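Summary of structural features
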Amino acid sequence: MPHAANLDWLARSQAAVWHPCTQMQHHAATASPAHLPLLPIARGEGAWLVDFDGKRYLDGISSWWTNLFGHANPRINAALKEQLDTLEHVMLAGCTHQPVVELSERLSALTANTLGHAFYASDGASATEIALKMSFHYWRNHGRPEKSQFLCLAGSYHGETVGALAVTDVAIFKDAYAPLVRHAAHVLPSPDFRLAEPGETSADVARRAAAGLADWLEKNGQRTAALIVEPLVQGAAGMVMYDPEYLRLARQLCDQHEVHLICDEIAVGFGRTGTFFAHEQAAIDGKPIRPDLMCLSKGISAGYLPLSVVLSSDAIYAAFLDDSVARAFLHSHSYTGNPLACRAALATLDIFAADDVLTVNREKARKIGDTLAPLVDHPQVRHLRQRGMIAAFDVATDDPYFSRKFYRAALDHGALLRPIGNTVYLMPPYIVDDAQIAQLATAINSALNRAIDA
Ligand SMILES: *Cc1c(COP(=O)(O)O)cnc(C)c1O
């Protein structure tokens, strides 16, 4: 039960705030098995969130996969305070500023300058829409307007605005709005390695899924604009993981059929899967594959401010250059390229460089794997899996309230963990230390047993 200081905020929030991804009635229904307690947070400190009564929770899911270097990080705070006194915002149409130029250059450098043109927005769903519009408009500018079909993978999640829902394949988010989605993408088989037949490796599953893509493109490549994928980990589908072989083959097939490859690295970018970008784990002739368009958000500002970007290749950018305004990419958002958000992103990249984060994370990922490894012997645990700083497993239970029971039990054990359906996952900020990893594992074990018994 929440204590006095929290209760007031709970009641006021339930009355005045319409929370995302939530049946609001479940916040109030304390006696129902569907009850989802609302967690009032007074402040954050490193990997910790602290409520109004001083109770501390480890942020085991990086506040919806956004936070990289902890809450109230002193280095990011200092950069933002300086930026606040210099330039808080200016429109990006017709104006430019230092943080947006530097960020664009540094992001381009991180793609070996293959994606040298940065188009900004404020959230992931908008980045998806921008990438889809850019791809379609590219083909139109090239005199091929019939290339208008998009492809996505089963279980894909690319955001929830009406346009992004066209390439999202998660029923609970999509079905109610299906009549509004005018141009639904074709859904291809997922390379999910849990689909392996006996004797099949994860690469075999990837090749089987890629054969489905090849078939489709053989017949429909002429009217296809782009394939959009979440490289290596399909987050919202329940941390579905797959072999880099799929990306390698998808890159080749897209080239062969003149179809853009859009990598949605909104969740998996910025080191989450072990490499700076997840797609770098797929290589052709010893060189990482590169998408034609890449969407970034979430970790880009280390969980500080809303920011997203679509990086595009020279070829795509060049297709919009013309005297005609109609051939330009006219998309815009009021806060496009906000200087504070860009400055948070620059401070984030500074930390990656100064602390050699990818190397340090390799050791942390190993620690997380070792700490969770005993779960394979748990009778209800299936498919324990990990890719870099994301670990997950499925729980064999028919209980429709499993995820809520687990969530509530984890909070009691001082951890913020929100299973997706029956999939429990850990996706902590990169600053977690060994003791915090151990504490998260203890919370997972206790919550699992309590949620199953309850
Ligand atoms: C979160 C997410 C999005 C949507 O981002 P929002 O900022 O929530 O709109 C899109 N794609 C992927 C892979 C995501 O994880």
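Residues numbered from 1 in each chain as written. Predicted model: local features only at pLDDT ≥ 70, side-chain atom pairs only at ≥ 80, totals over all residues. Heavy atoms only, no water.

**Looking at the site of the ligand**
The condition is simple: Any residue with a non-hydrogen atom lying within 4 Å of a molecule or strand is treated as near it. Here a polar contact means two N or O atoms within 3.5 Å. Within protein one must be a hydrogen donor candidate and the other an acceptor candidate, and residues neighboring in sequence count only if both atoms are side-chain atoms. Using the Shrake-Rupley algorithm and a 1.4 Å probe, accessible areas are obtained, with residue cover drawn only from the displayed protein chains. Side-chain classes follow a simple rule in which Ala, Val, Leu, Ile, Met, Phe, Trp, Tyr, Cys and Pro form the nonpolar group, Asp, Glu, Lys and Arg form the charged group, and the remainder, Gly included, forms the polar group.
Looking at the ligand, the residues that line it are Trp 65, Asp 123, Gly 124, Ala 125, Tyr 157, His 158, Gly 159, Glu 230, Asp 264, Ile 266, Ala 267 and Lys 298. Within the backbone of Gly 124, one N or O atom sits 2.7 Å away from an oxygen atom of the ligand. Contact with the protein chains covers 83% of the free accessible surface of the ligand, which is 380 Å². By residue class, the composition of the shell around the ligand is 5 nonpolar, 3 polar and 4 charged.

**Quick notes on the domain arrangement of the protein**
Interface size, as often reported, equals the accessible area lost upon joining of the parts. As a reminder of what qualifies: What fixes the domain bounds is an automatic or database domain assignment. Residues are treated as being in contact if the distance between any of their heavy atoms lies within 4.5 Å. Computed with a 1.4 Å rolling probe, the buried area is the accessible surface lost when two parts are put together, summed over both parts. Note on definitions: salt bridges are taken to be side-chain nitrogens of Lys or Arg within 4 Å of carboxyl oxygens of Asp or Glu.
Once the domains are mapped, the protein shows domain 1 (45–72 + 358–453) and domain 2 (87–355). For domain 1 and domain 2, the distance between their C-alpha centroids amounts to 27 Å. Every contact between the two is made by 29 residues of domain 1 and, on the other side, 31 residues of domain 2. Taken together, the two surfaces of domain 1 and domain 2 that pack against each other cover about 2,400 Å², and 65% of this comes from carbon and sulfur. When residues of domain 1 are sorted by the area they lose upon contact with domain 2, Trp 65, Leu 358 and Arg 387 head the list and together hold 30% of the total. Between domain 1 and domain 2 we count 1 salt bridge in total.

**A closer look at the sheet that holds strand β18 (residues 423–426)**
The strands making up a sheet are joined through hydrogen bonds of the backbone, oriented either antiparallel or parallel. For clarity, the threshold we go by: At least two DSSP bridges between two strands are needed for those strands to be called paired. Only DSSP runs of H or I with at least four residues qualify as helices, and only runs of E with at least two residues qualify as strands; both kinds are numbered from the N terminus onward. For helices, the fitted axis covers only the stretch in contact; all axes are lines through C-alpha atoms, and the angles between them, taken along N-to-C directions, range from 0 to 180 degrees.
Taken together, the 3 strands give an open sheet; going across it, the order is β15-β16-β18, and neighbouring strands pair in antiparallel fashion. Only two strands of the sheet have a single neighbouring strand rather than two, namely β15 (381–387) and β18. Direction aside, neighbouring strands of the sheet carry axes that sit 15° apart on average. In this fold helix α12 (residues 357–372) packs onto β15, β16 (390–395) and β18, with an angle of close to 170° to the strand it touches most, β15.

**A word on the sheet that holds strand β7 (residues 224–229)**
Read from one edge of the open sheet, 7 strands run β4-β14-β13-β10-β7-β5-β6, paired in mixed fashion. The open sheet has two edge strands with one neighbour each: β4 (117–121) and β6 (186–188). Strand-to-strand twist of the sheet, defined as the mean angle between neighbouring strand axes without regard to direction, takes the value 20°. Bridge analysis of strand β10 (residues 260–264) against strand β13 (residues 293–296) gives 3 bridges, and the strand direction is parallel. Pairing of Asp 264 across the sheet is with Cys 295, part of β13. The sheet strands contacting helix α6 (residues 124–141) are β4, β5 (149–153), β7, β10, β13 and β14 (308–312), and the helix crosses β14 at an angle near 25°.

**What about the packing of aromatic side chains?**
We count it as follows: Only rings of Phe, Tyr and Trp enter the pairing, Trp through its six-membered ring, and a pair is recorded when the two centres are within 6.5 Å. The plane angle decides the type: under 30 degrees is stacked, over 60 is edge-to-face, the rest tilted. The buried label goes to any residue with under 20% of its type's maximum accessible area, the exposed label to any with over 50%, and the partly exposed label to all in between, with areas taken from a 1.4 Å probe on protein chains only. The criterion is that NZ of a Lys, or CZ of an Arg, lies within 6 Å of the ring centre and within 35 degrees of the ring normal, and then a charge sits over that ring.
Scanning the entire structure with this criterion turns up 16 aromatic pairs. Ring centres of Phe 352 and Tyr 430 lie 6.3 Å apart, and the angle between their planes is 80°; on these two criteria the pair is classed as edge-to-face. Here Phe 352, found in helix α11 (residues 339–354), pairs with Tyr 430, found in the loop between β18 and α14 (434–453); they are 78 residues apart in sequence, far enough to count as distant. Of the two residues, Phe 352 and Tyr 430, both sit in the buried class. An aromatic cluster is defined as three or more aromatic residues linked by ring pairs; in this entry it consists of Phe 69, Phe 270, Phe 276, Phe 277, Phe 352 and Tyr 430. Taking the ring centre of Trp 9 as reference, the NZ or CZ of Arg 12 above it sits at 4.6 Å. It is Lys 147 that lies over the ring of Trp 139; its NZ or CZ is 4.6 Å from the centre.

**Some details on helix α4 (residues 74–84)**
For clarity, the threshold we go by: Arc definition: directions from the helix axis to the C-beta atoms.
Of the positions making up α4, those classed as buried are Ile 76, Ala 79, Leu 80 and Gln 83. Buried residues of α4 fall within an arc of 95° about the axis and therefore sit on the same side. Turned more than 90 degrees away from the buried face of α4, the exposed residues are Pro 74 and Lys 81. Check the buried side of α4 and you find it contacts α5 (98–110) and α11. Two or three places before Arg 75, at the opening of α4, Asn 73 has a side-chain oxygen 2.9 Å from that residue's backbone nitrogen.

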